[in-house]
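# Overview (structure and organization)
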Amino acid sequence: MILKKSLLLLLLNLPLLASVENLHLDRALHMLKENNLELKISRFNEQMKAYEAKAAEGQNYGKLDLSLTGMRSNDAGNVFGFKLQSREATFGDFGFAEFDMTGATNPLPVAPNALNYPGARNYYQTKISYMLPLYTGGKLTEYGRITKAMQAMSKYDTQKLLNEKIFQTKKAFYDISLIQNYIYNLSKIIKNIKHLEEIIQNMEKEGYAKEIDALEVQARLAEAQSMYNQAKLNKDLAYQFLSFLLNTEVKSIHKVNEMASMPKVHMNDVENNNLDIQKAKLGLKVTQMAVEVEKANYLPTVGAFGEYASADNTLWNEFTQKDSYTVGVQAKWNLFNGGVDHANLEKAKVNYLKVQDQLALAKSGIALKVKKLQTEILSKNANVKSYRKQLQFARKVYENYSSRYKEGITSITDVLIKQSKELEILLKLLTVKNERNTKIFELNSIINAGENI
């Protein structure tokens, strides 16, 4: 994981802030909250959810529109309608000028040319319209509550991401400290091997050692130096990952204790603070709101509307003399839609029951995970104590065999075997320390013991 993150940083060539040295963990956590790019993205998601909640709330206040229409037409219906809306229609527009007013002929069959073939006319209308939902069966209210709940959910997501990044930052600090310890011990082992090599060279001159002894020590020295170089590369990778997390180049850190402190755990606090449980509780509330939304489909909806407009063949000509208004109320109630509303309501109820069980499962699952981690940490504590004693013993044994080799009592192979055993136990000790720290940081994330966003 560390290698992948570091390679991602190098490939993207992300610009980092000014480099820091001797960085303390507390300062790193502060920088994490300020500079981490993933946290910044998550905060943007929070802002988007907040605007979605405002948009849902705005539905309660209706909609006010201003429209300006401009047209030209010679269509008989349009032209006559245009004149009516601008209050300029005359009897002449009906073709009365073409009627035989003497009564000598029947005027009814006459097709008035003025009505059927009017001249083209311009039409300009300015209109303000307002629509307001008066009653929706509670649907808009529930939609508003749901969007606010989703906004709160996004905050939980950000906090969970912060806990994950705190976990990674602390682990990087402790990993670097452990690697530095490993490098320090490897350097001591390399120094001992070189000292042993000098002893063999002196003994070989006096005829007390063979050439194969020197070759065997040189091979072991090459192996130890290879492990030393690999450890330094791992430390560089750990620094690159830490730099990626903080979006700042970190050149060195203030070394931390290799053993992270065990947090105090109270199950009541776990249930109240764990983010997965809090998200499940909020999700249950959202599903209850969704049930209420489906119930609203059985209720009528009532809306009010109003319009104010003015129209003429010249834009804004005699605006108040040719204005008009329309107001009204509309009620709508669906009586039958093939059982769709019933099916959706039952589906929402089943989803509510499902989320109830998911919440119960989350509570029991988190409790089990906490107990499992506590047990594993206690087991790692016991392993650390055991490996410390084994390492102390292995070092004494190596010193003893090294002295015995000088006296010609034992072979160089036996000495190197004992040194390999010392190195093996050292690796096991550092590995179990790393595993213990990982478990502790994971436990801190579960009980939400990290800092707030």
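None of the values given here were measured: they were computed from a predicted structure.

Further remarks concern the packing of aromatic side chains. If you walk through the whole model with that rule in mind, you get 5 aromatic pairs. Each ring, one from Tyr308 and one from Phe319, has its centre 6.3 Å from the other, and the planes form 55°; the classification is tilted. Placement of Tyr308 in strand β5 (residues 301-312) and of Phe319 in the loop between β5 and β6 (323-332) is noted, with a sequence separation of 11 residues between them. Within the aromatic cluster, the residues linked to one another by ring pairs are Phe167, Tyr174 and Phe441. Positioned over the ring face of Tyr401 is Arg404, at 4.9 Å from the centre of the ring. Lying across the ring of Tyr401, Lys418 places its NZ or CZ 5.1 Å from the centre.

Strand-to-strand pairing in sheets goes through backbone hydrogen bonds, with the strands running parallel or antiparallel. Pairing within the open sheet is antiparallel, and its 4 strands lie in the order β2-β3-β5-β6. If you trace the sheet from one side to the other, it starts and ends with β2 (63-73) and β6, each paired once. Along the sheet, successive strands turn relative to each other by an average axial angle of 20°, direction set aside. Where β5 and β6 come together, 10 bridges link them in antiparallel fashion. Considered in β6, the bridge of Glu307 is made with Thr326.

With 43 residues, the main nonpolar core has Leu23, Phe173, Leu242 and Ile253 as its most contacted residues. Broken down by secondary-structure element, the contributors of at least two residues to this core are α2 (25-35), α6 (139-205), α7 (211-246), α9 (275-295), α10 (340-406) and α11 (412-446). Among all residues touching Leu23, those that are not within four sequence positions of it are Ala28, Met31, Phe173, Leu246, Val250, Ser252, Ile253 and His254. Core analysis: the second largest hydrophobic core is formed by 33 residues, Leu186, Ile189, Met259 and Leu416 among them.

Attention now goes to the confidence of the model for the protein. Overall, the prediction assigns the protein a mean pLDDT of 88, with 91% of residues at 70 or greater. Within the model, pLDDT remains below 50 along residues 1-14, and this stretch shows 20 contacts once partners closer than five positions in the same chain are excluded.

Now for a nonpolar patch on the surface. A cluster of nonpolar residues, Leu64, Leu66, Ile128, Tyr130, Tyr308, Tyr325 and Val327, forms a patch on the protein surface that exposes about 780 Å² of accessible area. Of all the secondary structure elements, the ones that give two or more residues to the nonpolar patch are β2, β3 (121-135) and β6. Locating Ile128 in the fold gives a position in strand β3.

Turning next to the pairing of β5. Sheet faces and side chains relate simply in a regular strand, where the side chains alternate between the two faces. By the bridge criterion, 11 bridges tie β3 to β5 in an arrangement that is antiparallel. What sits directly across from Gln125, in β5, is Ala311.

What follows deals with helix α3 (residues 37-58). Between its first and last C-alpha atoms α3 spans 32 Å; for 22 residues at 1.5 Å apiece the expected length is 32 Å, and the two agree. Those residues of α3 lying buried are Leu39, Ser42, Glu46, Ala53 and Ala56. Looking straight down α3, one finds its buried side chains confined to an arc of 85°; they lie on one side. α3 presents Ile41, Phe44, Met48, Tyr51 and Lys54 as exposed residues on the side facing more than 90 degrees away from its buried surface. At the N-terminal end of α3, a side-chain oxygen is found 3.1 Å from the backbone nitrogen of Glu38, two or three residues along, and the residue is Asn36.

We now examine the side chain of Gln419. Mapped onto the fold, Gln419 is located in helix α11. Residue classification places Gln419 among the buried residues on the basis of a relative accessible area of 2%. A polar atom in the side chain of Gln419 sits 3.2 Å from the side chain of Tyr398.

As a working rule, side chains carrying opposite charge can pair if their charged atoms are close by. Inspection of every chain in the model, using the stated rule, returns 22 salt bridges. Across the salt bridge formed by Asp65 and Lys63, the nearest N and O atoms sit 3.9 Å from each other. By relative accessible area, which is 33% here, Asp65 ends up partly exposed. Put simply, Glu435 and Lys380 hold a salt bridge, and the shortest N to O gap is 2.7 Å. Of this pair, Glu435 sits in helix α11 while Lys380 is found in helix α10, placing the two residues 55 residues apart along the sequence. The partly exposed category is assigned to Glu435, whose relative accessible area is 32%. Each of Glu88, Arg121, Asp312, Glu318 and Lys322 takes part in one network of salt bridges that share partners.

Here α7 is 36 residues long and its end C-alpha atoms lie 53 Å apart, about the 52 Å a rise of 1.5 Å per residue gives. One or two steps after α7, the chain reaches Asn247, where phi turns positive at roughly 55°.

Even without a glycine there, the phi angle at Asn22 is positive, about 50°. Looking at the element boundaries, Asn22 is found in the loop between β1 (17-20) and α2. Given a relative accessible area of 43%, Asn22 falls into the partly exposed group. Unusually for a residue other than glycine, Trp316 sits at a positive phi of about 55°. Residue placement: Trp316 occurs in the loop between β5 and β6. The class for Trp316 is exposed, based on a relative accessible area of 54%.

The rules we used
Residues numbered from 1 in each chain as written. Predicted model: local features only at pLDDT ≥ 70, side-chain atom pairs only at ≥ 80, totals over all residues. Heavy atoms only, no water. Phe/Tyr/Trp six-rings, centres within 6.5 Å; stacked < 30°, edge-to-face > 60°. Helix = DSSP H or I, 4+ residues; strand = E, 2+ residues; numbered from the N terminus. Lys NZ or Arg CZ within 6 Å of the ring centre and 35° of its normal. Pairing = 2+ DSSP bridges. Axes fitted to C-alpha atoms, helices over the stretch in contact; angles between N-to-C directions. Core = buried A, V, L, I, M, F, W, Y, C linked by side-chain atoms within 4.5 Å. Buried < 20%, exposed > 50% of the residue type's maximum accessible area, 1.4 Å probe, protein only. Contact = heavy atoms within 4.5 Å. pLDDT = per-residue confidence, 0-100. Patch = residues over 30% accessible without salt bridge, like charges linked within 9 Å, V, L, I, M, F, W, Y side chains within 5 Å. Areas by Shrake-Rupley, 256 points an atom, 1.4 Å probe, with all protein chains shown as cover. Salt bridge = Lys/Arg side-chain N within 4 Å of Asp/Glu carboxyl O. Expected span 1.5 Å × (residues − 1). Arc of directions from axis to C-beta. Polar contact = N/O pair within 3.5 Å; in protein donor to acceptor, adjacent residues only side chain to side chain.

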